[in-house]
Amino acid sequence: MIAPDIDFILRRHAGAGRDALIPILQEVQEAHGYLSREAIICVSRHLGLPASKVCGVATFYNEFRFRAPGKFHVQVCRGTACHVKRSARLLDATATALGIKPGETSRDGLFSLEAVACVGACALAPVLAVNGEFHACVGPDSVRRILDFYRGKAARDGTDGG
Amino acid sequence: MITIDANGRPINARPGEMLLDALRRAGLSVPTLCHVEGLPPSGACRMCVVEVEGQRALVPSCALPVSEGMKVRTHSPRALRARKTIVELLLANHPDDCLYCVRSGACRLQDLAEELGVRQRRYGGARTASKVDTSSPSIIRDPDKCILCGKCVRVCEEVQGVSAIDFHGRGSRTRVSTAFDEGLNVSSCINCGQCILACPTGALREQSHVKEVLAALDDPKKFVVVQHAPAVSVTLAEEFGLKPGTDIAGQMTAVLRGLGFQRVFDASLAADLTVMEEASELVDRLRSGGRLPMMTSCSPGWIKLVEQAYPDFIENLSTCKSPQQMLGALVKSYFAERQSLDPAQIFSVSVAPCTAKKFEAERPEMARGGAADVDAVLTTRELAQIIRMRGLDVGALAPGPADSPLGERSTAGKLFGASGGAAEAVLRTLHFMLTGKELEQPRMPALRGPKGLKETRVRIGDLDLGVAVASGLASARRLLEDIREGRRRDLQFIEVMTCPGGCVAGGGQPLGAGPEAVEARMQALYRIDRDERVRTAHGNESVGRLYREYLGRPLSNRSRKLLHTRYARRDVVL
Ligand code: SF4
Ligand code: SF4
Ligand code: SF4
Ligand code: FES
């Protein structure tokens, strides 16, 4: 079964050739938040491309995610200003605290982690954003506190990541 | 012809060809790591760089078209330095595993490190620790030894039309992998092993059955028999330094006995049986309006391709098992009965030029009563390893004959080892079955040689038969697409072999064989066919006896039970 929204996207690209691959993947990611296995298979069938090739292209670009984003999507800025303020360390600390690598989603579905290019808040460097809320001048030590804040919020809402 | 100057010596070159090809023809060896003969250059590895007068940078010779008056230096200090640096960089994150590596001694990376005088680790890189993929019954992938030359990816896509693997990720995280990084066993891989032949390193190898076979040979309670495929006797010699195209069938039989196999059978005899069954099946389809064109079924990679990508053609496949599986079934039925052996006591080994045969032997349809008909499959390379391990000298043994009753073959069965040979063999017998007379000209030049697609028309009585032969699955796919589009209604019989050129170029064959070696292996089979007396399956007295004593006739109930099988659609990610 093809999910209706993917079906809709593919219909818009009826008869498309392989040069439509990246735009299609972008639209699918836009709709789902990530590229699921099923979605990639649908796209590769639609374009008559081997799935290995589509995976190859998709994994070449940093913009594509292969796991459903968590309830809280954590972005660590790796732009120049943040880099100068040692955002590499921040990214490492966040990854350690969450037990996942960039591009992954935690097992409980609560958090996902992404390294992003400049978010345009250089004055606040290094920046960590959670679902679009910016946290400024985050040192590696404050990561756990920030994450706990969101954990608490999830507990209060009585939700898990689903 | 144009002339270029190589290292101060004039050499001939063909207009439009790549410099590397001209240099090699002139006997100048320039090393390569990513070049695949016959495929467009990829220019990925830069090992083949040379100095070209008038160009500032070194140029990869595999991707540089020749031009009149071109002056090149192939081994200038600068070119050598560049090559050495490339190797040193490749070694930076390479596991120092040579002592434990299957490829040691046959590894291009190791050779080049040695040739270029790499004596110390100049660059230290972070090692990757990827999981070795052992999921496939045929192929093992060890990504840490991969140097990302891309040959496997291109062969899988361009020669085999499968594309089970591709480059994933980028930068330092680039790797070769299947769709979704899943195991090869659940991928679209058809187990052909052509990627192993292409790989310059130990990153790809066959799933070895050496241990199982040695254990069986050492087990006094086991009755261990072996069969060898048609294309093994003409390639095994290469593993012992002899010229490609040397047939050592007799010595090989003697060596197999020396290793302790209690019976040495010849799968070419089972190929003769395949011919009898397949020709009868074709007669049947022609007379009763069955599904045509009928397609051969002896190549397990091809079968898997049809099951997963062309299920609409499953009915076109002959229901015949492959020779390996026919013989396997007879060993544990006919032979066991004659010898009063319990089939459970028999350990049945097949030596094949093929990695897909390992997969085939494990197919659930190829077992009866829960026990596999063929217990282990060794590639030609693995057999050579066992021979070396046991210290046997292939050249020193007196040739021995194969064992009766499953050892005497015709040359028709032997021809199965080359692309086109199965079709030729079937046509000889088909002619006899339909007209009662032998073909006047049993040799069919149009179906011989290494081309990917060969065709001919054969007149049999008042029948005019269209025959096509494809080898290399990319060629087979093109043919299938044409048939699907209704463009090839003129064809009634099609032979497909998975590997380009047929089993002589199988994924389990000795490494490092170029097109000339493959051609020489084919010629060896053609010589056997030219020189021997019994050239048809129906003329093989042992086949006649087998039918009289046990099977009845082709397509009898017993034949159908033992020698035929079914295929089914396979759900894999393509
Ligand atoms: S792949 Fe080659 S260089 Fe690497 S460990 Fe094996 S033999 Fe040595
Ligand atoms: S065994 Fe054949 S199909 Fe499988 S990955 Fe290698 S080349 Fe491709
Ligand atoms: S697995 Fe072998 S052939 Fe494939 S890219 Fe790696 S080194 Fe090259
Ligand atoms: S062989 Fe020429 S670039 Fe690899």
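Report on the accompanying structure.

Rules used throughout
- Position numbers for residues count from 1 along each chain, tracking the sequence in the order it is written.
- Just so you know, chain letters begin at A and ligand numbers begin at 1, following the order they were written in.
- Totals for whole chains, interfaces and linings use all residues, but because this is a predicted model, local features are given only for residues with pLDDT of at least 70 and pairs of side-chain atoms are given and counted only at 80 or more.
- With hydrogens and water set aside, each side-chain value is computed from the structure's full complement of heavy atoms.
- Here a strand is any run of E in DSSP of at least two residues, a helix any run of H or I of at least four, and the numbering for each starts at the N terminus.
- Accessible area is worked out with a 1.4 Å probe on protein chains only. A residue is then buried under 20% of its type maximum, exposed over 50%, and partly exposed in between.
- The contact rule is simple, with two residues in contact once any of their heavy atoms fall within 4.5 Å.
- Under the convention used here, a 1.4 Å probe and the Shrake-Rupley method define accessible areas, while residue burial counts only the protein chains that appear.
- Any residue with a heavy atom positioned within 4 Å of a molecule or strand is treated as near that molecule or strand.
- For this scheme, ten residues count as nonpolar: Ala, Val, Leu, Ile, Met, Phe, Trp, Tyr, Cys and Pro. Four count as charged, namely Asp, Glu, Lys and Arg, and the remainder, Gly too, count as polar.
- The term salt bridge refers to a side-chain nitrogen of Lys or Arg lying within 4 Å of a carboxyl oxygen of Asp or Glu.
- Throughout, an axis means a line fitted to C-alpha atoms (over the contacting stretch in the case of helices), and angles, computed between N-to-C directions, take values from 0 to 180 degrees.
- An angle counts as roughly parallel when it lies under 35 degrees, as roughly antiparallel when it exceeds 145, as roughly perpendicular when it falls between 65 and 115, and as oblique in every other case.
- By definition, turning the near helix anticlockwise from the far helix through less than a right angle yields a left-handed crossing, and turning it clockwise yields a right-handed one.
- The term buried area refers to how much accessible surface (probe radius 1.4 Å) is lost by two components on association, counted for both of them together.
- Distance and chemistry together define a polar contact, namely a pair of N or O atoms within 3.5 Å, with one atom able to donate a hydrogen and the other to accept it when in protein, and with adjacent residues in sequence counting only for side-chain atoms on both sides.
- Paired strands are those between which DSSP finds at least two bridges.

## Remarks on the overall build of chain A
Here is step 1: Helix and strand counts for chain A stand at seven helices and four strands.
Here is step 2: Going from N to C terminus, chain A has its helices and strands arranged as α-α-α-α-β-α-α-β-β-β-α.
Here is step 3: Dimensions of chain A, computed from C-alpha atoms along their principal axes, come out at roughly 50 × 40 × 25 Å.
Here is step 4: Counting over 162 residues, chain A shows a buried share of 44%.
Here is step 5: Taking as baseline every contact in chain A between residues at least 6 positions apart, the subset at least 24 positions apart corresponds to 64%.
Here is step 6: Here chain A displays about 8500 Å² of accessible surface, and carbon together with sulfur accounts for 53% of that area.

## Looking at the site of ligand 2
Here is step 1: For ligand 2, the full set of nearby residues is Ile 139, Cys 156, Val 162, Ile 165, Cys 189, Ile 190, Asn 191, Cys 192, Gly 193 and Cys 195 of chain B.
Here is step 2: By residue class, the composition of the shell around ligand 2 is eight nonpolar, two polar and no charged.

## Description of the pattern of salt bridges
All names here are of chain B.
Here is step 1: Under the criterion given, the structure shown has 47 salt bridges over all chains.
Here is step 2: The closest approach of N and O atoms between Asp 373 and Arg 368, which form a salt bridge, is 2.7 Å.
Here is step 3: For Arg 368, a relative accessible area of 31% puts it in the partly exposed group.
Here is step 4: A salt bridge links Arg 409 to Glu 532; its shortest N-O distance comes to 3.0 Å. Of this pair, Arg 409 sits in the loop between helix 12 (380-389) and helix 13 (411-414) while Glu 532 sits in the loop between helix 16 (515-531) and helix 17 (541-551), and the two are 123 residues apart along the sequence.
Here is step 5: Each of Glu 424, Arg 428, Arg 448, Asp 529 and Arg 535 takes part in one network of salt bridges that share partners.

## What to know about the site of ligand 3
Here is step 1: Close to ligand 3 lie Cys 146, Ile 147, Leu 148, Cys 149, Gly 150, Cys 152, Val 176, Cys 199, Pro 200, Thr 201, Ala 203 and Leu 204 of chain B, which account for all nearby residues.
Here is step 2: Here the shell around ligand 3 is built from residues that sort into ten nonpolar, two polar and no charged.

## Here's the deal with the side chain of Lys 332 of chain B
Residues and elements named next belong to chain B.
Here is step 1: Along the chain, Lys 332 turns up in helix 10 (residues 323-339).
Here is step 2: Classification of Lys 332 by relative accessible area gives buried; the value is 10%.
Here is step 3: With residues near it in sequence (within four places) discarded, Lys 332 still touches Pro 343, Ile 346, Ser 348, Arg 368, Ala 372, Asp 373 and Asp 375.

## A closer look at the packing of helix 10 of chain B against helix 17 of chain B
Residues and elements named next belong to chain B.
Here is step 1: Where helix 10 contacts helix 17, the axes come no closer than 12 Å and their chain directions differ by 75 degrees. Taken as axis vectors, helix 10 and helix 17 run roughly perpendicular relative to one another. Contacts from Leu 330, Ser 333, Tyr 334, Glu 337 and Arg 338 of helix 10 reach helix 17 at Leu 546, Glu 549, Tyr 550 and Leu 551.
Here is step 2: Tallied by class, the residues present in the contact of helix 10 with helix 17 amount to five nonpolar, one polar and three charged.

## Observations regarding helix 4 (residues 151-159) of chain B
All names here are of chain B.
Here is step 1: Counting buried positions along helix 4 gives seven out of nine residues, so the element sits mostly inside the fold.
Here is step 2: Every buried residue belonging to helix 4 is among Lys 151, Cys 152, Val 153, Arg 154, Val 155, Cys 156 and Val 159, and all of these are buried.
Here is step 3: Each element contacted by the buried residues of helix 4 is listed here: strand 7 (165-168), strand 8 (175-178), helix 5 (194-198), strand 9 (204-206) and helix 15 (473-484).
Here is step 4: One or two residues past the end of helix 4 sits Gly 161, with phi positive at roughly 60 degrees.

## Structural notes on the packing of helix 6 (residues 210-217) of chain B against helix 12 of chain B
Residue and element names in this part refer to chain B.
Here is step 1: Running from N to C, helix 6 and helix 12 point in directions that differ by 50 degrees, and their axes come no closer than 10 Å. One element, helix 6, and the other, helix 12, form an angle in the oblique class. Pair helix 6 / helix 12 crosses with right-handed handedness. Of helix 12, the residues touching helix 6 (which contributes Val 210, Val 213 and Leu 214) are Glu 382, Gln 385, Ile 386 and Met 389.

## With respect to the interface of chain B and chain A
Here is step 1: Each side of the interface is counted separately: chain B has 14 residues, and chain A has 13 residues.
Here is step 2: The contact between chain B and chain A buries some 1300 Å² in all, and 53% of this surface belongs to carbon and sulfur atoms.
Here is step 3: Considering only the surface of chain B that becomes buried against chain A, Asp 166, Arg 170 and Phe 180 of chain B emerge as the three largest contributors, covering 40% of it.
Here is step 4: Between chain B and chain A we count three salt bridges in total.
Here is step 5: One salt bridge in this structure joins Lys 53 of chain A and Asp 166 of chain B, with 3.1 Å as the shortest N-O distance.
Here is step 6: For the interface between chain B and chain A, the tally reads seven residue pairs in polar contact (both at pLDDT 80 or more).
Here is step 7: A total of four residues in the side of chain B that touches chain A trace back to one element, the largest contributor, which is strand 7 of chain B.
Here is step 8: Its residues assigned to classes, the side of chain B that touches chain A comprises seven nonpolar, three polar and four charged.

## Notes on the sheet that holds strand 10 (residues 223-228) of chain B
Residue and element names in this part refer to chain B.
Here is step 1: Spatially, four strands are ordered 11-10-13-16 in an open sheet, and the strand pairing comes out parallel. Strands with a single pairing partner mark the edges of an open sheet, and in this sheet they are strand 11 (263-266) and strand 16 (376-379). Across the sheet, the mean angle from the axis of one strand to that of its neighbour is 25 degrees, orientation sign disregarded.
Here is step 2: As paired strands, strand 10 and strand 13 (residues 346-352) are joined by six bridges and run parallel to one another. Note that in strand 13 the partner of His 228 across the bridge is Val 351.
Here is step 3: In the packing of helix 10 onto the sheet, contacts are made with strand 10, strand 11, strand 13 and strand 16, and the angle to strand 13 comes to roughly 150 degrees.
Here is step 4: Across the face of the sheet, helix 12 comes into contact with strand 13 and strand 16 while running at roughly 85 degrees to strand 16.

## Remarks on the environment of Gly 260 of chain B
Here is step 1: Assignment of secondary structure puts Gly 260 of chain B in the loop between helix 7 (249-258) and strand 11.
Here is step 2: Once the C-alpha coordinates of Gly 260 of chain B and Ala 216 of chain B are considered, the two residues, 44 residues apart in sequence, prove to be 9.9 Å apart.

## Remarks on the pairing of strand 8 of chain B
All names here are of chain B.
Here is step 1: Looking at chain direction, strand 7 and strand 8 are connected through four bridges and run antiparallel. Along strand 8, the bridge assignment pairs His 168 with Arg 175.
Here is step 2: Taking the residues that link successive antiparallel strands as the turn, the strand 7-strand 8 hairpin has six residues, and the phi of Gly 169 there is positive, at about 70 degrees.

## Considerations on the pairing of strand 1 (residues 72-77) of chain A
All names here are of chain A.
Here is step 1: When you tally the buried positions in strand 1, you get five out of six residues, the bulk of the element.
Here is step 2: Here six bridges tie strand 1 to strand 2 (residues 111-116), and the two strands are oriented parallel to one another. Bridge pairing in strand 2 places Cys 77 opposite Val 116.
Here is step 3: With three bridges connecting them, strand 1 and strand 3 (residues 128-130) associate as antiparallel partners. By the bridge assignment, Gln 75 is partnered in strand 3 with Ala 129.

Limitation: the analysis is restricted to geometry and does not speak to function.
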